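Results of the structural survey
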Amino acid sequence: MTSSPEPGEFITKLTSEEVADLYAAGRPRRWDRGATMCTEGDASDWVLLLTSGRVKVSSHTAAGGEVVLAIRGPGALIGEFAAIDGLPRSSTVTALEPVEGITIRDFPAYLQDHGRVAVLLMKTLIGKMRDSDRKRIEYGAFDTTGRVATRLIELAERYGEPSDGGVRVALPLSQDELAGWTGASREAVSKALRSLRDRGLIETGRRRVVVHDMEGLRKRAR
């Protein structure tokens with residue numbers, strides 16, 4: 001089942017003909033929730049066009065800790081680095097939900113036949129690099145609560161649905177994963193969530209968050 005792509009994701013920038021050619025160059029695949037779709041250091045070179053579900057892109061530190069680099073949803077292109085430069089995977093991709101997508105094995109050939117898409121891909125990669133730079137700045141400038149608030153705002157804006165008294169996010173992340181996404185310990189993230197709850201900004205439940213005061217959350221994220 002194909003979901004509507006998220007605004008700004010790779011597929012939204014393509015024409016219907018470019019999308020059709022990309023689908024024709026690959027084959028459909030699906031993964032269960034929790035499945036590891038590719039592993040950091042692997043030599044595989046296919047790319048994935050995500051059509052439904054959300055994935056976690058992560059890496060591991062020398063000490064064995066997990067750092068969550070990004071959350072991607074429908075319309076995203078996954079694994080393009082290895083497909084282009086032929087080097088091992090730079091991160092691990094894990095299905096946070098049941099996931100479906102199109103895997104393309106000869107992505108460079110597709111780009112050679114679609115020069116406009118190659119330029120769009122360059123812009124997409126630059127956007128990812130800018131986002132990484134922004135997050136590195138956040139780690140040095142914000143405390144844990146500020147970083148947690150920033151990530152919750154991002155999730156609410158991307159995946160939130162209106163609910164009574166706020167914006168509900170069906171959070172596909174555990175507290176450990178949220179900690180890996182904010183560069184903090186699980187204990188620090190738990191404390192930050194409690195602080196935001198005490199302020200009346202959010203309500204939390206099992207893998208879900210309701211943001212009651214988006215503007216207040218933005219102020220705390222600064």
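Figured I'd write up the structure that's included with this text. (Residues numbered from 1 in each chain as written. Predicted model: local features only at pLDDT ≥ 70, side-chain atom pairs only at ≥ 80, totals over all residues. Heavy atoms only, no water.)

**Re the packing of helix 6 (residues 175-182) against helix 7 (residues 186-198)**
Definition in use: Every angle, taken between N-to-C directions, lies between 0 and 180 degrees, and every axis is a line fitted to C-alpha atoms, over only the stretch in contact when it is a helix. Every helix listed is a DSSP run of H or I at least four residues long, and every strand listed is a run of E at least two residues long, numbered separately from the N terminus. When an angle is under 35 degrees it counts as roughly parallel; over 145 it counts as roughly antiparallel; between 65 and 115 it counts as roughly perpendicular; any other value is oblique. Only heavy atoms enter the contact rule, under which two residues are in contact if any of them lie within 4.5 Å. Throughout this entry, Asp, Glu, Lys and Arg are counted as charged residues, while Ala, Val, Leu, Ile, Met, Phe, Trp, Tyr, Cys and Pro are counted as nonpolar. The remaining residues, Gly among them, count as polar.
Two numbers describe how helix 6 lies on helix 7: the axes approach to 8 Å, and their chain directions differ by 95 degrees. Relative to helix 7, helix 6 is oriented roughly perpendicular. Packed against helix 6, whose contacting residues are Q175, D176, L178, A179 and T182, the element helix 7 presents R186, V189, S190 and L193 at the interface. For the contact of helix 6 with helix 7, the per-class residue count stands at 4 nonpolar, 3 polar and 2 charged.

**Here we look at the pattern of salt bridges**
Quick note on the threshold: Basic side-chain nitrogens of Lys or Arg form a salt bridge, by our definition, when they fall within 4 Å of a carboxyl oxygen of Asp or Glu. The buried label applies to any residue whose accessible area, calculated with a 1.4 Å probe on protein chains only, is under 20% of its type's maximum; exposed applies above 50%, and partly exposed to all values in between.
Here the structure, examined in full by the defined rule, presents 14 salt bridges. With a shortest N-O distance of 3.3 Å, R151 and E154 are connected by a salt bridge. Linking R151 with E154, this pair stays in helix 5 (residues 144-159), spanning 3 residues, or about one helical turn. Residues R151 and E154 agree in their burial class; the two are buried. When salt bridges that share partners are traced, they join E6, R151, E154 and R158 into one network.

**Section: the nonpolar core**
Basically, it comes down to this: We call a set of buried residues a nonpolar core when its members are Ala, Val, Leu, Ile, Met, Phe, Trp, Tyr or Cys and they connect through side-chain atoms within 4.5 Å of each other.
Ranked by size, the top nonpolar core spans 26 residues in total, and within it V148, L152, L196, I202 and L217 carry the most contacts. Looking at this core, the elements that each hand over two or more residues are strand 5 (66-72), helix 5, helix 6, helix 7, strand 12 (208-211) and helix 8 (214-221). Residue contributions to this core peak at 7 residues, all from helix 5. In this structure L196 touches T145, V148, A149, L152, L201, I202, L217 and R220, once residues within four positions along its chain are discounted. Counting residues in hydrophobic clusters, the runner-up holds 18 residues, among them I11, V47, L49 and V117.

**Examining the sheet that holds strand 12**
Defined as follows: Strand pairing follows a simple DSSP-based rule, namely that at least 2 bridges must link the two strands.
Ordered in space as 9-10-12-11, the 4 strands form an open sheet in which the pairing is antiparallel. This sheet does not close on itself; its edge strands, each paired only once, are strand 9 (161-163) and strand 11 (202-205). The mean angle between the axes of side-by-side strands here comes to 30 degrees, regardless of whether they run parallel or antiparallel. With 3 bridges connecting them, strand 9 and strand 10 (residues 166-169) associate as antiparallel partners.

**As for the packing of aromatic side chains**
One pair of aromatic rings is described through two measures. These are the centre distance and the angle between the planes. Rules: Here is the rule: rings of Phe, Tyr and Trp (six-membered ring for Trp) pair when centre to centre is within 6.5 Å. Planes less than 30 degrees apart are stacked, more than 60 are edge-to-face, and the remainder are tilted. The criterion is that NZ of a Lys, or CZ of an Arg, lies within 6 Å of the ring centre and within 35 degrees of the ring normal, and then a charge sits over that ring.
This structure, assessed with the given rule, holds 2 aromatic pairs. With a centroid separation of 6.3 Å and 25 degrees between ring planes, the pair formed by W31 and W46 is classed as stacked. Taken together, the residues W31 in strand 1 (residues 26-31) and W46 in the loop between strand 2 (36-38) and strand 3 (47-52) connect sequence positions 15 residues apart. You'll find W31 and W46 in the same group, each marked buried. Relative to Y110, the ring of F107 lies with its centre 6.1 Å away and its plane at 15 degrees, an arrangement referred to as stacked. Note that F107 and Y110 are positioned in helix 3 (residues 107-113) at a spacing of 3 residues, about one turn of the helix. For F107, a relative accessible area of 0% corresponds to the buried category. Assessed through its relative accessible area of 5%, Y110 is described here as buried. Lying over the aromatic face of Y159, R54 brings its terminal NZ or CZ to 4.2 Å of the ring centre. Over the ring of W46 we find R89, and its NZ or CZ is 4.9 Å from the ring centre.

**Topic: the layout of surface pockets**
Heads up, the rule is: Detection works on a 1 Å grid of protein atoms alone, calling trapped sets that fit a 1.4 Å probe cavities and calling open sets with protein on both sides within 12 Å along at least five of seven lines pockets, with lining residues defined by an atom within 4 Å of a point. Grid points are joined across faces, edges and corners, and a volume is the space filled by probe spheres set on the points.
In this structure, the largest pocket spans a volume of roughly 630 Å³. Around the largest pocket sit 25 residues that line it, and V57, L69, F81, S91 and S132 are the ones nearest its centre. Of all the elements in the fold, those that place two or more residues in the lining of the largest pocket are strand 5, strand 6 (77-78), helix 2 (80-85) and helix 4 (115-141). Per-element accounting of the lining of the largest pocket gives the leading share, 8 residues, to helix 4. Looking at the lining of the largest pocket residue by residue, the class counts come to 14 nonpolar, 4 polar and 7 charged. By volume, the second largest pocket is sized at about 460 Å³. In terms of lining, the second largest pocket is formed by 23 residues, of which the most central are G8, E9, R72, D131 and R158. When contributions to the lining of the second largest pocket are tallied by element, the ones reaching two or more residues are strand 5, helix 4 and helix 5. Of all the elements, helix 4 adds the most residues to the lining of the second largest pocket, at 7 residues. Taken together, the residues that form the lining of the second largest pocket break down as 8 nonpolar, 3 polar and 12 charged.

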